[in-house]
Amino acid sequence: MSSSTEFSLAEVVAVLTRTPVALDALLRGLPNDWVLCTEGRSDDGKDTWSAFDIVGHLIVGERTDWMPRARIILESGEARPFDPFDRFAQERESQGKSLEQLLDEFARLRRDNLAALQALNLQPEDLTRRGRHPALGVVTLSELLATWAVHDLTHLHQLSRVLAYRYRDVVGPWSAYLGVLHCNGHSAP
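For every chain, the first residue of the written sequence is number 1, and numbering continues from 1 along that sequence. Note on the predicted model: pLDDT of at least 70 is required for a residue's local features to be given, and 80 or more for side-chain atom pairs to be given and counted; whole-chain, interface and lining totals, by contrast, use all residues. To get the side-chain values, all heavy atoms of the structure are used, and hydrogens and water are removed first.

A short note on the overall build of the chain
Right, on to step 1. Helix and strand labels come from DSSP, where a helix needs a run of H or I of at least four residues and a strand needs a run of E of at least two; each type is numbered from the N terminus. When its secondary structure is counted, the chain shows seven helices and two strands.
Right, on to step 2. In sequence order, the secondary structure elements of the chain are arranged as α-α-α-α-α-α-β-β-α.
Right, on to step 3. The globule rule puts the C-alpha radius of gyration for 189 residues at 16 Å, and the 18 Å found for the chain is close to it.
Right, on to step 4. C-alpha extents for the chain along the principal axes are approximately 55 × 45 × 30 Å. Only the C-alpha atoms count toward the radius of gyration. The rule for a globule is 2.2 Å times the residue count to the power 0.38.

What follows is the structure in structure tokens.
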């Protein structure tokens, strides 16, 4: 059964507001063995991300992706394509920082971005305005904002897999009932 859901800015903001709190509650104070563990190598031979990497990636998105792209749509439309997003910038930018510093930075950036989003005072007609993604082509502002929320949820899903993976060998026969241990992920390459 399929249901059609219409875009709701209030719902997007509700999800985006909760992500820093969820990350903080789940990760703050965990030992490094937990926050630095990964799922090993992916099928294509690349290293997978730790909780530390995921939070760093979310920070890069707050700085360079969501609000900058929203502004490009509102100021230039399709005339100026979005700058490409560096999905691995966190490897450089998180060096020398603690997870607690990253959690605080993410919460601050998200709070600032949500304030900036609210200050745009978007009207329904703004949500249909279009921009140009370097790989996906034409996208609307509502699609960008919806993707921002679902991107958060994708990484929360990924985070639960990464953390569960740490105990994959010690849960014994319960492994058969723990779907998170059998999930291969759902992110694009």
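That shown, we press on.
Considering the packing of helix α4 (residues 66–76) against helix α7 (residues 141–165)
Right, on to step 1. For the pair α4 and α7, the least separation of the axes is 10 Å and the interaxial angle reads 175°. Taken as axis vectors, α4 and α7 run roughly antiparallel relative to one another. Between α4 and α7, the contacting residues are Trp66, Met67, Arg69, Ala70, Ile73 and Leu74 on the first element and Leu141, Leu144, Thr147, Trp148 and His151 on the second.
Right, on to step 2. For this classification, the nonpolar set comprises Ala, Val, Leu, Ile, Met, Phe, Trp, Tyr, Cys and Pro, the charged set comprises Asp, Glu, Lys and Arg, and every other residue, Gly included, is treated as polar. Broken down by class, the residue content of the contact of α4 with α7 amounts to eight nonpolar, two polar and one charged. For helices, the axis comes from a line fit to the C-alpha atoms of the stretch in contact; other axes are also lines fit to C-alpha atoms, and the angle between any two N-to-C directions lies between 0 and 180 degrees. For classification, angles of less than 35 degrees are called roughly parallel, those exceeding 145 degrees roughly antiparallel, those between 65 and 115 degrees roughly perpendicular, and all remaining angles oblique. Note on contacts: a residue pair qualifies if any of its non-hydrogen atoms lie within 4.5 Å across the two residues.

Considerations on helix α3 (residues 51–64)
Right, on to step 1. With 14 residues, α3 ought to run about 20 Å at 1.5 Å a step, and its terminal C-alpha atoms sit 20 Å apart, in line with that.
Right, on to step 2. Relative accessibility under 20% of the residue-type maximum defines a buried residue, over 50% an exposed one, and the middle range a partly exposed one, all with a 1.4 Å probe and only protein chains included. Of all 14 residues in α3, eleven are buried; the element is thus mostly enclosed.
Right, on to step 3. Three or more residues of α3 are buried, namely Ala51, Phe52, Ile54, Val55, Gly56, His57, Leu58, Ile59, Val60, Gly61 and Glu62.
Right, on to step 4. Where α3 is buried, its residues contact α1 (9–27), α2 (32–35), α4, α5 (90–93), α6 (99–119) and α7. Helix span, as expected, comes to 1.5 Å for every residue beyond the first.

Comments concerning the side chain of His57
Right, on to step 1. Inspection of the secondary structure assignment puts His57 in helix α3.
Right, on to step 2. In contact with His57, not counting residues within four places along its chain, are Trp49, Phe85, Arg87, Gln90, His151 and His155.

Some remarks on the pairing of strand β2 (residues 137–140)
Right, on to step 1. Two strands form a pair only when DSSP identifies at least two bridges running between them. Here strand β1 (residues 130–133) pairs with β2 via four bridges, running antiparallel. Each residue of the ladder has a partner; that of Arg132, found in β2, is Val138.
Right, on to step 2. The hairpin turn running from β1 into β2, its antiparallel successor, is three residues long.

Regarding the packing of aromatic side chains
Right, on to step 1. A pair of aromatic rings is counted whenever rings of Phe, Tyr or Trp (Trp by its six-membered ring) have centres within 6.5 Å, and the orientation is called stacked for planes under 30 degrees apart, edge-to-face for over 60 and tilted otherwise. Tallying each qualifying case throughout the model produces three aromatic pairs.
Right, on to step 2. As a reminder, the over-ring test applies to NZ of lysine and CZ of arginine, requiring each to be within 6 Å of the ring centre and within 35 degrees of the ring normal. Note that Arg168 overlies the ring of Tyr165, its terminal NZ or CZ placed 3.9 Å from the centroid.

Things to note about the pattern of salt bridges
Working definition: two side chains of opposite charge can pair if their charged atoms are close together.
Right, on to step 1. What counts as a salt bridge is simple: a side-chain nitrogen of Lys or Arg found within 4 Å of a carboxyl oxygen of Asp or Glu. A complete count under the given rule lists 17 salt bridges for this structure.
Right, on to step 2. Put simply, Arg92 and Asp86 hold a salt bridge, and the shortest N to O gap is 3.2 Å.
Right, on to step 3. The exposure class of Arg92 is exposed, given its relative accessible area of 52%.
Right, on to step 4. Where Asp169 meets Arg168, a salt bridge forms, and the shortest distance between an N and an O atom there is 3.7 Å.
Right, on to step 5. For Arg168, a relative accessible area of 32% gives the class partly exposed.
Right, on to step 6. Look at the salt bridges and you will find they share partners, linking Arg63, Glu93, Lys97 and Glu105 into a network.

Describing the packing of α3 against α7
Right, on to step 1. In the contact formed by α3 and α7, the axes pass within 10 Å of each other and the chain directions differ by 170°. By the criterion of interaxial angle, the relationship of α3 to α7 is roughly antiparallel. Residues Ala51, Ile54, His57, Leu58 and Glu62 of α3 touch α7, and the partners they reach there are Trp148, His151, Asp152, His155, Gln158, Leu159 and Val162.
Right, on to step 2. Here the contact of α3 with α7 is composed, by residue class, of six nonpolar, four polar and two charged.

Description of the side chain of Gln90
Right, on to step 1. Counting through the fold element by element, Gln90 comes out in helix α5.
Right, on to step 2. On the basis of relative accessible area, Gln90 is assigned to the buried category, the value being 2%.

Description of unusual backbone geometry
Right, on to step 1. Non-glycine residue Asn121 carries a positive phi angle of around 50°.
Right, on to step 2. Summarising the element assignment, Asn121 is placed in the loop between α6 and β1.

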